[in-house]
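This is what each chain is made of:
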Amino acid sequence: MTQAPLLDRILQRINLQGPMPLSDYMQICMLDPAQGYYTTRDPLGTKGDFITAPEISQMFGELIGLALAQTWMDHGSPAPFTLAEAGPGRGTLMADILRATRGVPGFHDAMRLVLIEASPTLRRIQGDTLADYTPAWTDRIEDLPKRPLFFVANEFFDALPIRQAQRMGDGWAERVVTADDTGLAPGLTFALMTPTPLPELAHRLDDTADGDVIEWSAPAQSVAATVGQRIATHGGAALIFDYGDWRSQGDTFQALRDHQPVSPFEAPGSADLTAHVDFEALARAAAPAVPSLLTPQGVFLERLGITARAQALAKRLTGSALDAHIAAHRRLTHPQEMGTLFKVLALTAPGRPPVAGMTDPERPFS
Ligand code: SAH
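Bear in mind that the values here come from a model prediction, so they are computed numbers and not experimental data.

Asker: Describe the packing of aromatic side chains, naming the residues involved and giving the relevant values.
Answerer: Inspection of every chain in the model, using the stated rule, returns 11 aromatic pairs. With 5.4 Å between their ring centres and 70° between their planes, tyrosine 25 and phenylalanine 265 make a pair best called edge-to-face. Note that tyrosine 25 is positioned in helix H2 (residues 22–31) and phenylalanine 265 in the loop between strand E12 (260–262) and strand E13 (272–274), a separation of 240 residues in sequence. We note that tyrosine 25, like phenylalanine 265, is buried.

As structure tokens, then:
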């Protein structure tokens, strides 16, 4: 059996340096310049490995565009401002946002479009989709200009590398990736490091028991911190969509290839690796920006009027196009589809009105 080359290189590194944190493994698999999952392909859509909300229906981006423009007006229409998207995929969400906001007086004139994207393949596709709008690209969130920031991300944070640890007494044993030489061919498997106390996980001693697995993502927290700083200092708002919960519990690391779950260690670099997003960690990192109540995606889209928009679009459709449109509406909002699993977190500057369609919590943290 021939080995995938990325697997060889990972095994070589483990041989030399010992087991690696899951975050290093994810980073290599996703973004290796020559063989990483995102660097080498367009993974989205029915022919790809997974499908996302903006690829399901134009309604998703249109409603987000209107919510962002309404919030921009509620905040006094600051100009110029940065409109930024992290991990824009094919550029579909941003194209829908921009089409829906064309009629908002002053919005496009004041906007400077920045896309945060690590993949050269996807940058090219985004450039084609958004050719009319002259976007600028960066792969470092810290490069975002120091001015009002309106930020959106869909299924970006779930792609950022996580680490995992298993609770043992009052310490944590990190789950690391190591060589597996028990099978026919060399492969990879999980191992547990010796338990140590981890100060950054101290708050998780309250809500976990011996043996529980927890996850955390330093890169996700660092992005949230930069976005939060910009918004708190210069104004603006963020809308973050992803699957996950207020506080992450258990092992949610998963690999998806061709719309099917597969082993994350099979053919590294050939499957999408993700984990559920810990929204509390993002909200805490974003301080002094103020988090909204974490809201199910379906509830948010209903508040923004997705049913009225779906009915308006349906008037122009018949036959299979109409059936697909009705199915897309259901898929985005129904509790048994994406409506409840996916959540929305908004961030705004202290003292500013919440993002349209979102509510402030009574107390952000218990
Ligand atoms: N938002 C899009 C695509 C989601 S897939 C949609 O909803 O369809 C994840 C996106 O994040 C891809 O564009 C991927 O290339 C990008 N990405 C993943 N890790 C990244 C990183 N560390 N820095 C910048 N972009 C990243």
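Asker: Any details on helix H6 (residues 92–100)? Residues and values, ideally.
Answerer: Of all the 9 residues making up H6, 7 are buried; the element is thus mostly covered by neighbouring parts of the structure. Taken residue by residue, H6 has Thr92, Leu93, Met94, Ala95, Asp96, Ile97 and Leu98 as its buried positions.

Asker: Please give an account of the site of the ligand that cites residues and values.
Answerer: Not every one of the 18 residues close to the ligand is listed here, only the nearest: Thr52, Gly87, Gly89, Glu117 and Asn154. Here glycine 89 contributes a backbone N or O atom positioned 3.1 Å from an oxygen atom of the ligand. In the model, a nitrogen atom of the ligand is placed 3.3 Å from a nitrogen or oxygen of the alanine 118 main chain. Bound to the protein, the ligand loses 94% of the 570 Å² it would expose on its own. One can see that the ligand is located within the largest pocket.

Asker: Please give an account of empty space enclosed by the protein that cites residues and values.
Answerer: Scanning the entire structure with this criterion turns up 1 cavity of 30 Å³ or more. Of the volumes computed, that of the largest cavity is approximately 140 Å³. Lining the largest cavity are 16 residues; nearest its centre among them are Ser217, Ala220, His276, Val277 and Asp278. Every element with two or more residues in the lining of the largest cavity is listed here: strand E9 (213–216), helix H9 (218–234), strand E14 (277–278) and helix H10 (279–285). Across the lining of the largest cavity, the residue classes break down as 9 nonpolar, 4 polar and 3 charged.

Asker: Hey, could you go over the layout of surface pockets for me, with residue numbers and the actual values?
Answerer: Any empty space left between the atoms is revealed when a probe the size of a water molecule rolls over them. Quantified by volume, the largest pocket comes out at close to 690 Å³. If you trace the largest pocket, you find 36 residues lining it, with Gly87, Glu117, Ala118, Phe156 and Leu160 closest to the centre. Mapped by element, the contributors of at least two residues to the lining of the largest pocket are H2, helix H4 (53–56), H6 and H9. Tallying contributions element by element places H2 first for the lining of the largest pocket, with 4 residues.

Asker: Requested: an account of the environment of tyrosine 38, with residues and values cited.
Answerer: Here tyrosine 38 is to be found in helix H3 (residues 37–40). Along the primary structure tyrosine 38 and glycine 269 are separated by 231 residues, whereas in three dimensions their C-alpha atoms are 8.4 Å apart. With residues up to four places along the chain from it excluded, the contact list for tyrosine 38 reads Met30, Leu31, Pro43, Phe50, Ser119, Thr121, Leu122, Ala159 and Asp272.

Asker: Residue-level account of the packing of helix H12 (residues 306–314) against helix H13 (residues 319–333), with values.
Answerer: For any two helices packed against each other, the geometry comes down to the angle between their axes and how far apart the axes lie. Remark: H12 packs on H13, axes separated minimally by 10 Å, with the N-to-C direction vectors making an angle of 170°. On the basis of the axis angle, H12 is roughly antiparallel to H13. Packed against H12, whose contacting residues are Ile306, Thr307, Ala310, Leu313 and Ala314, the element H13 presents Leu322, His325, His329, Leu332 and Thr333 at the interface. Here the residues of the contact of H12 with H13 are counted per class, giving 6 nonpolar, 4 polar and no charged.

Asker: Provide a residue-level description of unusual backbone geometry, including the pertinent values.
Answerer: Here alanine 79 and proline 80 are connected by a cis peptide whose omega angle stands at -5°. Along the polypeptide, proline 80 turns up in the loop between helix H5 (58–74) and strand E2 (81–86). Following alanine 287, the chain continues to proline 288 via a peptide bond in cis, the omega torsion being 10°. One non-glycine residue, glutamate 155, adopts positive backbone phi at about 50°. Inspection of the secondary structure puts glutamate 155 in the loop between strand E5 (149–154) and strand E6 (163–168). Since its relative accessible area comes to 13%, glutamate 155 is described here as buried.

Procedures and definitions
Residues numbered from 1 in each chain as written. Predicted model: local features only at pLDDT ≥ 70, side-chain atom pairs only at ≥ 80, totals over all residues. Heavy atoms only, no water. Phe/Tyr/Trp six-rings, centres within 6.5 Å; stacked < 30°, edge-to-face > 60°. Helix = DSSP H or I, 4+ residues; strand = E, 2+ residues; numbered from the N terminus. Buried < 20%, exposed > 50% of the residue type's maximum accessible area, 1.4 Å probe, protein only. Near = heavy atom within 4 Å. Polar contact = N/O pair within 3.5 Å; in protein donor to acceptor, adjacent residues only side chain to side chain. Areas by Shrake-Rupley, 256 points an atom, 1.4 Å probe, with all protein chains shown as cover. 1 Å grid on protein atoms, 1.4 Å probe; cavity = no way out; pocket = protein on both sides within 12 Å on 5 of 7 lines; lining within 4 Å. Sits in = over half its atoms within 2 Å of the grid points. Points joined across faces, edges and corners; volume = space filled by probe spheres on them. Nonpolar A, V, L, I, M, F, W, Y, C, P; charged D, E, K, R; others polar. Contact = heavy atoms within 4.5 Å. Axes fitted to C-alpha atoms, helices over the stretch in contact; angles between N-to-C directions. Parallel < 35°, antiparallel > 145°, perpendicular 65-115°, else oblique.

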